[in-house]
Amino acid sequence: QKEVEQNSGPLSVPEGAIASLNCTYSDRVSQSFFWYRQYSGKSPELIMSIYSNGDKEDGRFTAQLNKASQYVSLLIRDSQPSDSATYLCAVNGRYNFNKFYFGSGTKLNVKP
Amino acid sequence: DVKVTQSSRYLVKRTGEKVFLECVQDMDHENMFWYRQDPGLGLRLIYFSYDVKMKEKGDIPEGYSVSREKKERFSLILESASTNQTSMYLCASSLDRDEQYFGPGTRLTVT
């Protein structure tokens, strides 16, 4: 079982819609959770971090964390074509909290 | 603004060559990481370092070594490059338990 699982997609949504990206993780003691966006040929850039159960909002982005279900999600409201990218979920490790496990990413296509 | 730089964006080397990939960060971060990214396999950790002269193996250290002589610089070394090491190499840095910031990446081709 992988430490972090994501649906590879592609997830296609029309412009203006809400895109919902999901991630599950295997280690119950993980404490830090991150979403990165990666455009083709570029390096990952941080979008959101979340550490507590519940929702965290930043502009059009909302991260949701449910530690009991070992589930973290990212909602993108009013999706734009510029949001088309691969979204990576990252979770810190059990034995070294500085070490992250990354999911393989979900490819999002926002159609004009 | 955190800045992580890598010595080359593109590199072409021959099988058997010794290859050095350099990474420098300017934010006084303790932790530095080297990943490789391949289609369908995601980001895989090669080595990381949590202090000067300290290093720890990641998930795929075979065929690689690292060096961290100064806090801001973390080098990845391919002792004898092989074709299966053709990949995108990404360096990252972080503060304690905090988010990682990535460099622009080096696309290495070994022929």
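Before reading further, recall that the structure is shown in the block above.
Residues numbered from 1 in each chain as written. Chains lettered and ligands numbered in written order. Predicted model: local features only at pLDDT ≥ 70, side-chain atom pairs only at ≥ 80, totals over all residues. Heavy atoms only, no water.

(A) Structural view of the overall build of chain A. Counting secondary structure elements, chain A contains zero helices and eleven strands. Shown N-terminal to C-terminal, the secondary structure of chain A runs as helices and strands in the order β-β-β-β-β-β-β-β-β-β-β. Relative to the globule expectation of 13 Å for 112 residues, the C-alpha radius of gyration of chain A, 13 Å, shows essentially globular dimensions. Considering only C-alpha atoms, chain A reaches an extent of 45 × 30 × 20 Å along its principal axes. Taking contacts inside chain A between residues at least 6 apart in sequence as the whole, the part at least 24 apart equals 53%. For chain A, the exposed area adds up to about 5,300 Å²; of that, 46% sits on carbon and sulfur atoms. Where the 12 positive side-chain charges of chain A centre and where its 10 negative ones centre are 5 Å apart. (Helix = DSSP H or I, 4+ residues; strand = E, 2+ residues; numbered from the N terminus. Rg over C-alpha atoms; globule rule 2.2 N^0.38 Å. Contact = heavy atoms within 4.5 Å. Areas by Shrake-Rupley, 256 points an atom, 1.4 Å probe, with all protein chains shown as cover. Lys, Arg positive; Asp, Glu negative; His and termini not counted. Charge placed at Lys NZ, Arg CZ, Asp CG, Glu CD.)

(B) Up close: the pattern of salt bridges. Here the structure, examined in full by the defined rule, presents ten salt bridges over all chains. The salt bridge partner of D59(B) is K99(A), with a shortest N-O separation of 3.5 Å. With D59(B) in the loop between β6 (54-57) and β7 (64-70) and K99(A) in the loop between β9 (85-92) and β10 (100-102), this pair bridges two chains. The class of D59(B) is partly exposed, set by a relative accessible area of 44%. The residue D38(B) makes a salt bridge to R44(B) at a minimum N-O spacing of 2.8 Å. (Salt bridge = Lys/Arg side-chain N within 4 Å of Asp/Glu carboxyl O. Buried < 20%, exposed > 50% of the residue type's maximum accessible area, 1.4 Å probe, protein only.)

(C) Local environment of the interface of chain A and chain B. Facing 20 residues of chain A, the contacting portion of chain B comprises 22 residues. Both faces considered, chain A and chain B share a buried interface measuring about 1,700 Å² in area, 52% of it formed by carbon and sulfur atoms. The largest per-residue losses of area from chain A upon contact with chain B belong to N98(A), K99(A) and F102(A), which jointly make up 31% of the total buried on that side. Linking chain A with chain B are one salt bridge, by the criterion used here. Counting every contact that joins chain A to chain B gives four residue pairs in polar contact (both at pLDDT 80 or more). Secondary structure elements with two or more residues in the side of chain A that touches chain B: β4 (33-38), β5 (45-50) and β10 of chain A. Of the residues contributing to the side of chain A that touches chain B, the split by class is ten nonpolar, nine polar and one charged. (Buried area = accessible area lost by both parts, 1.4 Å probe. Polar contact = N/O pair within 3.5 Å; in protein donor to acceptor, adjacent residues only side chain to side chain. Nonpolar A, V, L, I, M, F, W, Y, C, P; charged D, E, K, R; others polar.)

(D) The arrangement of the packing of aromatic side chains in detail. Scanning all chains against the criterion turns up twelve aromatic pairs over all chains. Judged by centre distance (5.7 Å) and plane angle (55°), the rings of Y36(A) and F102(A) are tilted. Of this pair, Y36(A) sits in strand β4 while F102(A) sits in strand β10, placing them 66 residues apart in sequence. Of the aromatic side chains, those joined through ring pairs into one cluster are F34(A), Y36(A), Y51(A), F100(A), F102(A), F33(B), Y35(B), F48(B) and F102(B). We note R60(A) situated over the ring of F61(A); from NZ or CZ to the ring centre the distance is 5.5 Å. (Phe/Tyr/Trp six-rings, centres within 6.5 Å; stacked < 30°, edge-to-face > 60°. Lys NZ or Arg CZ within 6 Å of the ring centre and 35° of its normal.)

(E) Broad picture of the state of the cysteines. All names here are of chain A. For the structure on display, the rule yields two disulfides over all chains. Disulfide partner of C23: C89, at an S-S distance of 2.1 Å. On the sign convention where negative is left-handed, the bridge of C23 and C89, at about -70° about the S-S bond, is left-handed. One end of the pair, C23, is in strand β3 (residues 19-25); the other, C89, is in strand β9, with 66 residues separating them in the sequence. (Disulfide = S-S within 2.5 Å.)

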